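Each chain, letter by letter, is given below.
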Amino acid sequence: FPVTICFINGDFNIWQRGSSFISVADQQYTADRWIYAKSGAMVHDISRITDVPTVAQAGRAFNYSLLIDCQTIDSSISATKYCVIEQRIEGYNFLPIAQKPLTLSFWVKATKIGIHCAYIKNSGADRTYVAEFTVNASDTWEFKTINFPATPSAGTWNYVNGIGLSIGFTLACGSNLQTTAGAWQNNGAIGSANQTNACDNAANNFRLCGVQLESGSVATDFENRSLNREIALCQRYYEKSYDLATAPGSITSAGCHCYTNQNTQGNRTTSYFKVAKRATPAITSYSVTTGTAGKMRVASNATDTNCTVGDIGECAFTNAPSATTTLSELYYHWTANAEL
């Protein structure tokens, strides 16, 4: 994809893990490449919704936006507490735009009016830039652009397969995580003292759509990439054997892996990835019949059995029943997670 455009799945078309998440945990991925992080009493549901800017507003059609829906409030944000949604850009993808001016553009629809913050920071959390933007009207789509000066050469930056740059939107942050907005700072702050608390009411929603980060000081039209290309970009970090719209753990044999285990022999089978992973991934197997993690299905006696994953590399892994099984077909689905 164009080296000037760094966000993946900025239009929220790809949701390999599912399209609705209840009581999202800290450091949990929802839409592909988007991670929710928090420390505090606030609890949110995150879902894919069809509430999007109109063509008249955006100059193009969008299918989906990401909705962060407050379920449990945190009305008093203490010094170390925070809540954000962010994307972590791999160093190799960040490198072509490093030490250049950057422009972030996005559509936002938030219940809580007032000053909100967006930030970019390095992996070492010793260089950060916080920018303020204002939500002017409650629950109304608004287009925002933010210009960031060139990322500095000083500090701890990763230009290979680690976190090159984190870009996020802050819903709340305590005083220990606040800094002066509008300039590069030598810290890992994520907001300013003006950041509104968007977690103080269960009626609060925060929606994003059409998010784009690019080099230069002008926000261009949202970059169009083919669906297959966008899926492949996501699969470098997370891939599954299930169909695109089928959440992991679902009960289905569609697209599953199958092999015949020879009698009294612990044969192994190899599953290959469509896209080489960023790093050695974590593999989870699932029974096709029960959806249970860490299992494969034995056809001969219609039961699940434990399985052992091994030989994991960036392009493939092997899998086998943990105990010797008689001659039988064995079925399993899998996920491979190499997220940043």
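Refer to the structure above for everything that follows.
Attention here is on the structure that accompanies the text. Small disclaimer: the values here were computed from a predicted structure and weren't measured.

As for the overall build of the chain
Phase 1: Scanning the chain from N- to C-terminus turns up three helices and 21 strands.
Phase 2: Against the 2.2 N^0.38 benchmark of 20 Å for 340 residues, the chain shows a C-alpha radius of gyration of 22 Å, consistent with a compact globule.
Phase 3: Here the C-alpha coordinates of the chain stretch approximately 65 × 40 × 40 Å along the principal axes.
Phase 4: Here the chain, with 340 residues, has 51% of them falling under the buried criterion.
Phase 5: Considering only residue pairs separated by 6 or more positions, the chain has 75% of its internal contacts joining residues 24 or more positions apart.
Phase 6: Counting 24 positive and 25 negative side-chain charges, the chain places the averaged centre of each group 3 Å from the other.

Notes on the nonpolar core
Phase 1: Counting 45 residues, the largest nonpolar core has L104, F106, F169, L208, V211 and L213 as its most contacted members.
Phase 2: Going through the elements one at a time, strand 5 (65-72), strand 6 (82-90), strand 7 (102-110), strand 8 (114-121), strand 9 (128-135), strand 10 (142-148), strand 11 (163-173) and strand 13 (205-215) are the ones with two or more residues in this core.
Phase 3: Judged by nonpolar contacts, the second largest core, of 12 residues, contains I283, M296, V298 and A320.

Describing the pairing of strand 13
Phase 1: Of all 11 residues that make up strand 13, 11 are buried, and the element is covered over most of its length.
Phase 2: Alignment of strand 5 against strand 13, held across four bridges, turns out to be antiparallel. In the strand pairing of strand 13, I68 is matched with F206.
Phase 3: Sheet analysis places strand 7 next to strand 13, joined by eight bridges and oriented antiparallel. Residue pairing in the sheet places L104 in a bridge with L213 of strand 13.

Comments concerning the side chain of T30
Phase 1: For T30, the position within the fold is in the loop between strand 2 (28-29) and strand 3 (35-39).
Phase 2: Classification of T30 by relative accessible area gives buried; the value is 0%.
Phase 3: Apart from residues no more than four positions distant in its own chain, T30 is found in contact with W15, R17, F21, V24, I46 and L66.

Some thoughts on the sheet that holds strand 1 (residues 20-21)
Each strand in a sheet pairs with another by means of backbone hydrogen bonds, the pair being arranged parallel or else antiparallel.
Phase 1: Spatial ordering of the open sheet is given by 1-4-5-13-7-10, a layout of six strands whose pairing is antiparallel. Looking at the sheet topology across the chains shown, the edges are occupied by strand 1 and strand 10.
Phase 2: Where strand 4 (residues 43-49) and strand 5 come together, seven bridges link them in antiparallel fashion. Residue V43 lies in a different strand from strand 5, and its bridge partner there is T72.

Quick word on unusual backbone geometry
Phase 1: Even without glycine at this site, F12 takes up a positive phi of about 60 degrees.
Phase 2: Among the secondary structure elements, F12 is positioned in the segment before strand 1.
Phase 3: A residue is classified by how much of its surface remains accessible, and F12, at 0% relative accessible area, is buried.
Phase 4: With phi around 65 degrees, Q27 is a residue other than glycine that occupies positive phi space.

With respect to the sheet that holds strand 2
Phase 1: On the basis of which strands lie adjacent, the open sheet formed by seven strands has the order 2-3-6-11-8-9-12 and antiparallel pairing. Of all the strands in the sheet, the pair left with one neighbour each is strand 2 and strand 12 (184-185).
Phase 2: Pairing of strand 9 with strand 12, which is carried by two bridges, proceeds in the antiparallel orientation. Note that in strand 12 the partner of T128 across the bridge is Q185.

Regarding the side chain of D45
Phase 1: Along the chain, D45 turns up in strand 4.
Phase 2: One buried charge, D45, has no salt-bridge partner; the nearest side chain with opposite charge is K38, at 9.7 Å.
Phase 3: Here the side chain of D45 touches Q71 through a polar contact of 3.5 Å, side chain to side chain.

Considering the pattern of salt bridges
Phase 1: Taken as a whole, this structure holds 12 salt bridges when the rule is applied.
Phase 2: Residues R207 and D139 are paired through a salt bridge, measuring 3.3 Å at the closest nitrogen-oxygen approach. Note that R207 is positioned in strand 13 and D139 in the loop between strand 9 and strand 10, a separation of 68 residues in sequence.
Phase 3: A residue is classified by how much of its surface remains accessible, and R207, at 9% relative accessible area, is buried.
Phase 4: Measuring nitrogen to oxygen at the nearest pair gives 2.9 Å for the salt bridge that ties E142 to K144. In this pair, the class of E142 matches that of K144, namely buried.
Phase 5: Bridged by salt links that share partners, the residues D51, K109, D139 and R207 form one connected network.

Concerning helix 3 (residues 227-235)
Phase 1: Those residues of helix 3 that sit buried are E230, I231, L233, C234 and Q235.
Phase 2: Among the structural elements, strand 14 (238-240) are those in contact with the buried residues of helix 3.

Quick word on the packing of aromatic side chains
Phase 1: Counted under the stated rule, the structure contains 16 aromatic pairs.
Phase 2: Measuring from ring centre to ring centre gives 6.4 Å for W15 and F21, while their planes differ by 25 degrees; the resulting arrangement is stacked.
Phase 3: A relative accessible area of 9% means that F21 is categorised as buried.
Phase 4: Judged by centre distance (4.8 Å) and plane angle (70 degrees), the rings of F106 and F169 are edge-to-face. Placement of F106 in strand 7 and of F169 in strand 11 is noted, with a sequence separation of 63 residues between them. Taken as a pair, F106 and F169 share a single burial class, namely buried.

Parameters at a glance
- Residues numbered from 1 in each chain as written.
- Predicted model: local features only at pLDDT ≥ 70, side-chain atom pairs only at ≥ 80, totals over all residues.
- Heavy atoms only, no water.
- Helix = DSSP H or I, 4+ residues; strand = E, 2+ residues; numbered from the N terminus.
- Rg over C-alpha atoms; globule rule 2.2 N^0.38 Å.
- Buried < 20%, exposed > 50% of the residue type's maximum accessible area, 1.4 Å probe, protein only.
- Contact = heavy atoms within 4.5 Å.
- Lys, Arg positive; Asp, Glu negative; His and termini not counted.
- Charge placed at Lys NZ, Arg CZ, Asp CG, Glu CD.
- Core = buried A, V, L, I, M, F, W, Y, C linked by side-chain atoms within 4.5 Å.
- Pairing = 2+ DSSP bridges.
- Salt bridge = Lys/Arg side-chain N within 4 Å of Asp/Glu carboxyl O.
- Polar contact = N/O pair within 3.5 Å; in protein donor to acceptor, adjacent residues only side chain to side chain.
- Phe/Tyr/Trp six-rings, centres within 6.5 Å; stacked < 30°, edge-to-face > 60°.

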